[in-house]
Amino acid sequence: IPATEEKEGKKIYTAIFGNPAFERMTAETVIPKLPASKPPQGTYSDPEGTGVYLIDAAGKATFRKPPANKSVVVIPASITVNQTTVPVTAISDKAFYRNKKLKTVTIGKNIKTIGENAFSGCTGLTAVKGGEKVQLIRDGAFTGCTKLKTVPAFPKLTNVGVSAFKGCKSLI
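A brief structural summary. (Residues numbered from 1 in each chain as written. Predicted model: local features only at pLDDT ≥ 70, side-chain atom pairs only at ≥ 80, totals over all residues. Heavy atoms only, no water.)

Digging into the overall build of the chain
Secondary structure assignment for the chain yields 0 helices and 13 strands. Traced from its N-terminal end to its C-terminal end, the chain shows the element sequence β-β-β-β-β-β-β-β-β-β-β-β-β. With 172 residues in all, the chain has 35% of them scored as buried. For the chain, long-range pairs separated by at least 24 residues make up 35% of all intrachain contacts whose partners lie at least 6 apart in sequence. Summing over all exposed atoms, the chain offers an accessible surface of approximately 11100 Å²; the carbon and sulfur share of this is 52%. (Helix = DSSP H or I, 4+ residues; strand = E, 2+ residues; numbered from the N terminus. Buried < 20%, exposed > 50% of the residue type's maximum accessible area, 1.4 Å probe, protein only. Contact = heavy atoms within 4.5 Å. Areas by Shrake-Rupley, 256 points an atom, 1.4 Å probe, with all protein chains shown as cover.)

Describing the nonpolar core
The biggest cluster of nonpolar side chains holds 33 residues, and the ones touching the most others in it are Ile91, Phe96, Ile114, Phe119, Leu125 and Phe142. Those elements giving two or more residues to this core turn out to be strand S4 (52–55), strand S5 (61–65), strand S7 (78–81), strand S8 (84–91) and strand S9 (104–107). At 3 residues, S8 tops the list of elements feeding residues into this core. Sequence-distant contacts of leucine 125, that is, excluding residues within four places in its chain, are made with Leu102, Lys103, Thr104, Val105, Phe119, Phe142, Cys145, Lys147 and Leu148. (Core = buried A, V, L, I, M, F, W, Y, C linked by side-chain atoms within 4.5 Å.)

Below, the structure written as structure tokens:
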């Protein structure tokens with residue numbers, strides 16, 4: 001319905017009710033902008049198939065589990081839950097543990113932490129990409145990734161856990 005007039009930047013709508021007593025009746029309603037809803041806390045399976053996440057009280061997500069049978073996985077910078085953008089800031093402990101099918105993983109730009117044994121035993125993993133904001137790689141994160149040849153420079157990295165790259169004999 002188009003506005004019938006505009007006053008002081010507000011659009012005015014006029015309705016005729018069919019009764020002369022109501023013809024000049026006006027009402028002003030201010031419709032406030034609704035705040036974005038907060039995503040629910042807990043486990044969330046992304047319908048786009050990027051994986052399973054845990055959303056915390058602060059509204060941040062941790063990548064928990066990859067989609068099944070994928071050799072190439074992209075962990076996104078964020079996911080959308082209830083029309084709210086939720087940053088993905090961590091990869092959980094054992095997220096890819098002993099995943100033999102995984103060959104390449106791209107780490108989203110908001111990831112700061114790679115959990116303990118996150119990729120441990122991923123014997124088919126050859127390349128890790130992205131990860132420009134990774135600050136912490138926990139103990140054993142890439143232990144036993146025997147075919148791993150390529151990892152990013154991780155320019156923000158400040159702490160590497162014990163045996164994080166133990167057994168990665170293909171890294172030069």
